Number of protein chains: 2
Amino acid sequence: MSDVLSLLREALGPRVDTSPESLDAARADRSGHVAEGRPIAVVYAESVEDVQATLRIASATATPVVTQGARTGLAGAANAGAGEIALSVRRMTRILEVRPDDLLAVVEPGLLNAELNAQLAAYGLWWAPDPASRDIATVGGNIATGAGGLLCAKYGVVRDAVLGLDVVLADGRLVRLGHRSVKGVTGLDLTALMIGSEGTLGVVVGATLKLRRLVPGDVCTVAATFPSVRAAAAGSAAVTAAGLQPAIMELLDAASLDAIHRHLGLLAPLAGASQLTVQTDGPAAREEADAVAAVLTGAGGTVAVTHDRAEGERLFAVRRALLPSLQATGTVLVEDVSVPRSRMPEMFDEIVRIEREYGVAIPTVAHAGDGNLHPNFIYTGDAVPEVVWAAADDLFRAAIRLGGTLTGEHGIGVLKARWLADELGDDQWELQRRITRVFDPQGILNPGKVFTR
Amino acid sequence: MSDVLSLLREALGPRVDTSPESLDAARADRSGHVAEGRPIAVVYAESVEDVQATLRIASATATPVVTQGARTGLAGAANAGAGEIALSVRRMTRILEVRPDDLLAVVEPGLLNAELNAQLAAYGLWWAPDPASRDIATVGGNIATGAGGLLCAKYGVVRDAVLGLDVVLADGRLVRLGHRSVKGVTGLDLTALMIGSEGTLGVVVGATLKLRRLVPGDVCTVAATFPSVRAAAAGSAAVTAAGLQPAIMELLDAASLDAIHRHLGLLAPLAGASQLTVQTDGPAAREEADAVAAVLTGAGGTVAVTHDRAEGERLFAVRRALLPSLQATGTVLVEDVSVPRSRMPEMFDEIVRIEREYGVAIPTVAHAGDGNLHPNFIYTGDAVPEVVWAAADDLFRAAIRLGGTLTGEHGIGVLKARWLADELGDDQWELQRRITRVFDPQGILNPGKVFTR
């Protein structure tokens, strides 16, 4: 280990950090999971060559490498522990190129999503992926997890917004995947394979992103309260069935709404009341908001609608207050299942059943437009209690049974690795595992993550 | 070989066809390429089990398998020759499920794209990929090539329109890849890896497709004539730069326009004249068409615009007449490079240079909205002359030099395998090749295609 460290220091000098604070920080993301022990060092790469040098040393010494960005992940995928090199690309924040005519940008991975979008706004452009963590999460991390967000039903996920990737392989070689043109089907789509691969295939050192023009027109907001979460879910389904495509459609169940009202000091909602908050945008935003309001009224909702962006933000503030409201009551494990939209009411029924069976509270918010639910487990203390994992196990199996998936946008990381084969099946699990070995024959890239059982 | 045949007959009975007509037909797609020799048999699979049985026999006897659909490919990827089993999925044409609430359909691979869309129209839905061959090409073939089409800049390519795939592996095992939910990041994205893999990784036996609602509103058409192809390309760039997003934007160069006018018996266009044909759709189709017309007039075009769908189809008929017009003059090799939109004028310059240097005519049409050009090489006789390949070689290298790609939507197949490493680089070529070996350790899936050099 000391040999690895001296090799790193020789090659990378002051970019190798072994201060106890840095080593400890590198053990954790925002999932609550903390890796066992401290990593050998944190390497703050500032260039592609730094990443290559690190991987050459790791490869020569068979030392595990955990790539890190802003460590805002929610599955423990980027946590580095004993015997591992934490390779941070957080300092690689340059925007190398913006091409409004080609609707693309080439960026380094350590740039924050929000910083990118602030720069792009000057060109009238944006990168659509919008995880709730966009202010604090890196583009590289968005790519590594295959991030989603609130706008996905209308504007797509990361997979839809990346044209090409520059990747350093386990042995330090650099490959350039994908293309700069809108179309391109040369060979296998390794760009898509990298997206969501959570550090198991290589280190993304550059990304060619597919941009959109900023959407002109208004942003209108509709907030509707329903007597039950099932009624709210039926309301959201009615919006989709009417052929309307909101930019955002967020569903808060009763426990979530109640927690927010308490936290913000608002009048308590009616028992069981759930809320749907919808935003429409673009040239027809007003007409669409009015149509959404009509559909939700018809579905039994009590509806407020505004065409004013600032007033809409006030309505939407209730939704945004969820996480702080929950954190005020305990430690929060944010879960992340996704089901076909039509199965959302059944998934909410399952959550109610699991709450009852395990005696745990699971306030849930859903990106209702795309069927992605975030059930939040609240507990006290630092470690996730066994009963919470038992309830989560039941929840994951229910989601898979309903034709859904373990994770809509957070990834597998450490926390969900034990359920991976349940969803993939043993044959596919093995196939995926073997693919990682093509990229990484020694198994030094993020071992113990995703493919463990 | 006779052993393989008897095993196939035993397992699959009358679905094994060895008539000379069928064997000969299985040797060719629409690329002009014909495989050497006749395949052992054509197996017309009617079920997943038929595909599995075929692959088990192929695997046990180390016999190559070439999966076929409607054999409308343009790269020779599905041509079967001596010693190979042609595995046709063309009879697997069922639509297993349509879910308007989840905006998805589950279909078998042999269904024609146009047949699928005719069925979906009853639900007010469509599957967006629209290769020009949609009336004659299968969904499975669209997936195997990663097909594009005319509408891609606005509505995406196949990669954007598939949620999951059921795949039979080389050894006959069935795996279910992907998901039914809008979001899902469980493990590696093998669905994306399958798309465009041209029969080298497995046999697609079922596809969960992401659908769109039929676009309401008008379809409006703008046809603009420019004094040169460069001016037309600049006109299309001006449309994109104005933030307009047409559904279709097709560019015909002077040689193409001239050939069409001759074929249709129209008055000859002015020397050098090129044409841009644009269609807009959706609720704002009229306003957008008028805006496009204004931009193109400003860019020096002579513009006709119509808000009438039937009249628009008449204007568009000129574009649609290209292939028959060219085929009236000789044998046509349809090429398929793609470049960043901003490089299109330079790519047209390169085509002019190549025409001059090699003394060949290369009438070209471009999907100008996304930078995908189809240079057409015209020659006499069946075999592609060496000078055409030399010119094509120059063309491919020019596209790569401009930041583009060998193939926007047709695939590599047999015809472009020798240029694959030029675009991918040797390291990536080798990585991709090794991935195919994970799926297919014996190398029995479509050998001699894509990864040969």
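About the cut-offs
Residues numbered from 1 in each chain as written. Chains lettered and ligands numbered in written order. Predicted model: local features only at pLDDT ≥ 70, side-chain atom pairs only at ≥ 80, totals over all residues. Heavy atoms only, no water. UniProt positions renumbered as here; feature names shortened; annotations may be inferred. Pairing = 2+ DSSP bridges. Helix = DSSP H or I, 4+ residues; strand = E, 2+ residues; numbered from the N terminus. Domains from an automatic or database assignment. Contact = heavy atoms within 4.5 Å. Buried area = accessible area lost by both parts, 1.4 Å probe. Salt bridge = Lys/Arg side-chain N within 4 Å of Asp/Glu carboxyl O. Polar contact = N/O pair within 3.5 Å; in protein donor to acceptor, adjacent residues only side chain to side chain. Least-squares fit on C-alpha atoms with pLDDT ≥ 70 in both. Nonpolar A, V, L, I, M, F, W, Y, C, P; charged D, E, K, R; others polar. Buried < 20%, exposed > 50% of the residue type's maximum accessible area, 1.4 Å probe, protein only. Axes fitted to C-alpha atoms, helices over the stretch in contact; angles between N-to-C directions. Parallel < 35°, antiparallel > 145°, perpendicular 65-115°, else oblique. Left-handed = near helix turned anticlockwise from the far one by under 90°. Phe/Tyr/Trp six-rings, centres within 6.5 Å; stacked < 30°, edge-to-face > 60°. Lys NZ or Arg CZ within 6 Å of the ring centre and 35° of its normal.

In the nomenclature of an unreviewed UniProt entry, chain A is known as FAD-linked oxidase of Microbacterium sediminis. Here chain A is described in UniProt, under the heading Cofactor (unreviewed entry), as follows: "FAD".

Caption draft 1: Quick look at the sheet that holds strand β1 (residues 16-17) of chain B. Residue and element names in this part refer to chain B. Reading across the sheet, the four strands line up as β1-β2-β4-β3 and stay open at both edges, with mixed pairing between neighbours. At either margin of the open sheet sits one strand with a lone partner, and together these are β1 and β3 (65-68). The pairing of β3 with strand β4 (residues 85-88) spans four bridges and is classified as parallel. Residue Gln68 lies in a different strand from β4, and its bridge partner there is Ser88.

Caption draft 2: Fine view of the domain arrangement of chain A. Residues and elements named next belong to chain A. Segmentation of chain A into domains returns domain 1 (2-88), domain 2 (95-213) and domain 3 (218-401). Facing the 13 residues of domain 1 at the interface are 14 residues of domain 2. Between domain 1 and domain 2 the total buried area reaches about 1,100 Å² when both faces are included, carbon and sulfur atoms providing 66% of it. Counting the contacts that link domain 1 with domain 2 gives zero salt bridges. At the surface where domain 1 touches domain 2, the tally comes to one residue pair in polar contact (both at pLDDT 80 or more). For the side of domain 1 that touches domain 2, the leading source of residues is helix α3 (residues 48-61), giving six residues.

Caption draft 3: Region of interest: the relation of the copies chain A and chain B. At an RMSD of 0.0 Å, chain A and chain B line up after a rotation of 180° and a shift of 0.0 Å along the axis. Seen this way, the second copy is the image of the first under a two-fold rotation axis. A shared interface surface links the copies, since 100% of the contact residues of chain A are contact residues in chain B too.

Caption draft 4: Examining the interface of chain A and chain B more closely. Each partner contributes to the interface: chain A provides 71 residues, whereas chain B provides 71 residues. When chain A packs against chain B, close to 5,900 Å² is buried across both sides, 58% of that on carbon and sulfur atoms. It is A:Arg159, A:Lys183 and A:Leu188 in chain A that bury the most area against chain B; as a group they hold 15% of the surface buried on that side. If you look at where chain A meets chain B, you find eight salt bridges. Ionic pairing is found between A:Asp189 and B:Arg159, a salt bridge with its closest N-O pair at 3.4 Å. Along the contact surface separating chain A from chain B lie 33 residue pairs in polar contact (both at pLDDT 80 or more). Counting residues per element, the ones that place at least two in the side of chain A that touches chain B are β9 (174-178), α7 (190-194), α8 (229-241), α15 (420-424) and α16 (426-439) of chain A. Of the residues that constitute the side of chain A that touches chain B, the class distribution is 27 nonpolar, 26 polar and 18 charged.

Caption draft 5: Structural context of unusual backbone geometry. Located in the positive-phi region is B:Glu198, a residue other than glycine, with phi close to 50°. Relative accessible area serves as the criterion here: at 5%, B:Glu198 is assigned to the buried category.

Caption draft 6: Focus on the sheet that holds strand β8 (residues 162-168) of chain A. Residues and elements named next belong to chain A. If you trace the five strands from one edge of the open sheet to the other, you get β5-β6-β10-β8-β9, paired in antiparallel fashion. The open sheet has two edge strands, β5 (95-99) and β9, and neither has a second partner. Across the sheet, the mean angle from the axis of one strand to that of its neighbour is 10°, orientation sign disregarded. Judged from the five bridges that link them, β8 and β9 form a sheet pairing that is antiparallel. Paired with Leu165 across the strands is Leu177, a residue of β9.

Caption draft 7: The arrangement of the packing of α8(A) against helix α13 (residues 344-358) of chain A in detail. All names here are of chain A. Two elements in contact, α8 and α13, have axes separated by 9 Å at closest approach and are oriented at 160°. Comparing their axes, α13 and α8 come out roughly antiparallel. Once α8 is placed against α13, the crossing between them reads as right-handed. Contacts from Val229, Arg230, Ala233 and Ser236 in α8 reach Met344, Pro345, Glu346, Phe348 and Asp349 in α13. Here the contact of α8 with α13 is built from residues that sort into five nonpolar, one polar and three charged.

Caption draft 8: Inspection of the side chain of B:Arg319 at higher detail. Note on placement: B:Arg319 falls in helix α11 (residues 309-320). There is a polar contact of 2.6 Å between the side chain of B:Arg319 and the side chain of B:Glu250.

Caption draft 9: The packing of aromatic side chains, seen in detail. This structure, assessed with the given rule, holds eight aromatic pairs over all chains. Their ring planes at 75° and their centres at 4.7 Å tell us that A:Phe396 and A:Trp419 sit as a pair that is edge-to-face. With A:Phe396 in helix α14 (residues 386-401) and A:Trp419 in the loop between α14 and α15, the pair connects residues that are 23 residues apart, well separated along the chain. Of the residues examined, A:Trp419 reaches a relative accessible area of 1% and is grouped as buried. With a centroid separation of 6.0 Å and an interplanar angle of 35°, the aromatic rings of B:Trp389 and B:Trp419 are classed as tilted. In this pair, B:Trp389 sits in helix α14 (residues 386-401) while B:Trp419 sits in the loop between α14 and α15 (420-424), placing the two residues 30 residues apart along the sequence. The same class applies to B:Trp389 as to B:Trp419, namely buried. Put simply, the rings of A:Trp389, A:Phe396 and A:Trp419 touch in pairs and so form one group of aromatic residues. A cation over an aromatic ring shows up here: A:Arg418 above the ring of A:Trp389, its NZ or CZ 5.4 Å from the ring centre.

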